[in-house]
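One-letter residues, chain by chain:
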Amino acid sequence: MIIKNALSNTSTKTWIVIGIGVAGILIYSETRRRRNNQKAVIKEDFGAFVHRFEILPFPQPPPPAARLPLSGLTFAVNDNFDIKEYVSGFGNPDWEKTHDPAAKSALVVTWMLKNGATFVGKTVMDELAFGITGENLHYGTPTNPLTPSHIPGGSSSGSAVAVAAKLVDFAIGTDTLGCVRTPASFCGILGFRPSHGAVSSVGVLPNAQSLDTIGWFARDPSILHRVGQILLRLSPGGLKKAKRLIFAEDCFQLSKVPKHKSVQVVKKSTENLSGYLPPKNVNIGQYIASNVSSLKGFYEPSANLQHGTSTLKALSSVMVLLQRYEFKTNHEEWIETAKPKLGPEISARVLEAAKATHENIKTFYKVKTELRSALQSLLQDDGILVIPTISDLSLKLNAKKKLCTEFQDRAFALLSIAGMSGCCQVTIPLGMHDGCPVSVSLVASHGADKFLLDTVLDMYSSLQEQVTIASNSSPLPDTDGDMDTSELLKEKGNAAFKGKQWNKAVNYYTEAIKLNDSTATYYCNRSAAYLELGCYQEADADCTKAISIDKKNVKAYLRRGTAKEMLFCYKEAAEDFKHALVLEPQNKVAKVAEKRLRKLSG
């Protein structure tokens with residue numbers, strides 16, 4: 001009897017163990033199935049969303065009233081917009097854990113619903129809206145639909161990806177230092193940063209309120225326009241104005257996209273359109289240097305004020321300092337209390353913000369005021385500044401753990417023009433180059449948002465036609481000047497250079513090169529004239545040619561180093577100055593420059 005009970009107990013235990021084992025297998029299988037399903041969902045939605053859920057629009061008015069203007073369209077918003085009864089995560093799980101659900105939705109979300117759009121979810125963003133890559137340690141990096149091996153850009157990465165992947169018709173994000181314009185460029189879609197303060201930010205978490213704007217993305221210019229009319233509270237119609245396109249020559253020097261795929265595309269697109277005045281050129285850096293006196297204290301000691309990029313770099317440094325100061329004011333208490341887990345790039349930025357002081361804060365705001373006034377004088381109510389949206393093609397995923405200084409400096413130099421002035425800016429896709437999307441940006445005066453939106457609608461089709469033509473063509477060589485013997489032309493070029501007639505000097509040197517293209521001096525001299533004109537890419541190319549002819553040409557190394565530095569290629573510039581020192585160990589210019597660049601390149 002005792003043995004029988006013992007066997008019975010053993011049998012019961014065995015079955016319990018077997019049962020637990022079977023349950024474990026079932027649980028494991030279900031877990032794997034759910035994970036696989038989750039992976040499929042992530043792949044399907046390109047990792048764009050933090051939360052997907054639907055909010056239906058307000059009811060359509062009964063006939064004969066017209067349908068609501070956004071009827072039938074779907075949209076998403078960044079994770080820093082309030083949605084009633086949901087917590088705004090601000091791109092970080094610790095923020096979500098330490099905050100309550102919103103009592104009501106952000107005003108712009110309500111406007112979209114009232115005008116017929118259907119809300120479908122909240123999107124991934126850089127943590128605390130503090131990045132431009134679109135990468136997020138906690139939620140992953142949304143997949144760029146056009147170039148999956150590259151970053152989507154940020155901080156509004158998920159919103160840009162959702163539009164580019166055709167998951168929504170439009171999306172709304174925030175733009176502080178370039179958080180709508182950058183991902184729009186990298187994902188090959190339209191992105192609009194309105195005039196500062198033009199769209200209500202009620203119910204939107206701030207990063208730095210003096211720079212924050214509510215921007216939006218679309219694939220279709222008509223949808224971009226319709227959304228803009230609602231967000232900006234614009235009335236339809238109005239008189240059409242003539243348009244003046246002003247090309248920022250120095251900004252296109254920073255771009256890695258050939259001019260026949262950017263500048264020429266825009267110029268040719270307006271040739272057959274009515275209402276466009278002949279285009280003009282400007283060195284916007286020099287213009288700002290002459291009209292924004294409060295920037296003087298922010299130039300690097302070695303900066304040459306004749307070089308526009310020195311001014312743009314100073315401007316971008318003020319923008320970053322202002323962002324740090326305001327971010328600290330807004331969120332220092334939460335950072336110290338919650339001690340959130342942050343990605344390495346964001347953590348570094350937050351630490352820099354923690355060091356921000358009140359020392360120059362009044363000057364920061366003065367720069368903003370003076371810059372807005374200067375651009376208003378340049379653009380007035382009919383001018384449009386044409387610039388590259390961003391200088392580089394998008395970076396590859398995981399190429400570097402930390403954004404290189406050069407990439408950031410080049411990006412912010414361009415993004416700071418509208419960022420610090422508060423002007424409106426639109427990013428327009430211009431096809432592909434080297435397998436990556438490229439774009440151009442149009443900037444109009446503060447308050448000229450309707451004018452800019454109308455311009456996009458007017459010229460978009462023509463632009464895309466020219467993009468197709470440019471993708472199948474090659475740039476034409478420049479041919480200027482009169483023929484003469486090469487040495488005489490070189491001497492004329494030298495005389496023109498001494499007289500500060502740098503364009504004329506370039507022409508003389510060019511004609512000398514046509515007659516004799518194997519003399520390093522001609523290329524080297526032309527590079528000096530190009531440097532004075534702020535044509536850094538051309539100077540770089542000429543010095544490279546001179547060095548290929550004469551590997552001991554010290555001046556060519558020095559001038560190429562200067563060109564590289566002005567293009568924010570600090571490491572390459574340092575190498576050129578090092579090479580000059582090898583050839584001339586006592587060269588003071590090379591010594592000072594190499595030391596300076598060693599600090600800049602880290």
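Parameters and conventions
- Residues numbered from 1 in each chain as written.
- Predicted model: local features only at pLDDT ≥ 70, side-chain atom pairs only at ≥ 80, totals over all residues.
- Heavy atoms only, no water.
- Core = buried A, V, L, I, M, F, W, Y, C linked by side-chain atoms within 4.5 Å.
- Buried < 20%, exposed > 50% of the residue type's maximum accessible area, 1.4 Å probe, protein only.
- Contact = heavy atoms within 4.5 Å.
- Helix = DSSP H or I, 4+ residues; strand = E, 2+ residues; numbered from the N terminus.
- Phe/Tyr/Trp six-rings, centres within 6.5 Å; stacked < 30°, edge-to-face > 60°.
- Pairing = 2+ DSSP bridges.
- Axes fitted to C-alpha atoms, helices over the stretch in contact; angles between N-to-C directions.

Undergrad: Go over the nonpolar core with me, naming the residues and quoting the values.
TA: By size, the foremost hydrophobic cluster in this structure holds 87 residues, and its most contacted members are Ile-284, Leu-295, Leu-385 and Met-420. In contact with Ile-284, other than residues within four places in its own chain, are Ala-248, Asp-250, Cys-251, Leu-312, Leu-375, Leu-378, Leu-385 and Ile-417. Grouped together as the second largest cluster of nonpolar side chains are 60 residues, Leu-73, Ala-444, Leu-452 and Leu-453 included.

Undergrad: Describe the side chain of Asp-79, and please don't skip the residues or the numbers.
TA: With respect to the helices, strands and loops of the structure, Asp-79 is situated in the loop between β2 (74-78) and α2 (93-97). Residues within four places of Asp-79 in sequence aside, it is in contact with Val-50, Val-87, Ser-88, Gly-89, Phe-90, Gly-91, Lys-122, Thr-123 and Met-125.

Undergrad: Tell me about the environment of Ile-172, and name the residues and values.
TA: Among the structural elements, Ile-172 can be located in strand β4 (residues 170-175). For Ile-172, a relative accessible area of 0% gives the class buried. For the pair formed by Ile-172 and Val-227, sequence separation is 55 residues and the distance between their alpha carbons is 9.6 Å. Residues within four places of Ile-172 in sequence aside, it is in contact with Phe-75, Ala-76, Val-77, Asn-78, Phe-81, Met-112, Ser-159, Ile-214, Gly-215 and Trp-216.

Undergrad: I'd like a description of the packing of aromatic side chains, backed by residues and values.
TA: Using the criterion set out here, one finds 11 aromatic pairs in the structure. Note on Phe-497 and Trp-502: the rings are 6.5 Å apart at their centroids and 70 degrees apart in plane angle, and the pair reads as edge-to-face. With 6.2 Å between their ring centres and 90 degrees between their planes, Phe-568 and Tyr-570 make a pair best called edge-to-face. Look at Phe-568 and you get buried, because its relative accessible area is 2%. Here Tyr-570 falls in the buried class, since its relative accessible area comes to 1%. Ring pairs connect the aromatic residues Phe-53, Phe-75, Tyr-86, Phe-119 and Phe-170, which therefore count as one cluster.

Undergrad: Break down the sheet that holds β2 for me, with residues and values.
TA: In spatial order, the strands read β1-β3-β2-β4-β6-β5-β10-β11-β9-β7-β8; together these 11 strands make up an open sheet with mixed pairing. Edge positions in the sheet fall to β1 (49-55) and β8 (280-282), since each of these pairs with one other strand and no more. Taking the axes of each pair of neighbouring strands and ignoring which way they run, one obtains an average angle of 25 degrees across the sheet. Strands β1, β2, β3 (118-123), β4 and β6 (213-218) of the sheet are contacted by helix α3 (residues 107-114), whose axis makes an angle of about 175 degrees with β2. Packing of helix α12 (residues 361-379) onto the sheet brings it into contact with β7 (244-248), β9 (383-388) and β11 (436-444), and relative to β7 it is tilted by some 125 degrees.

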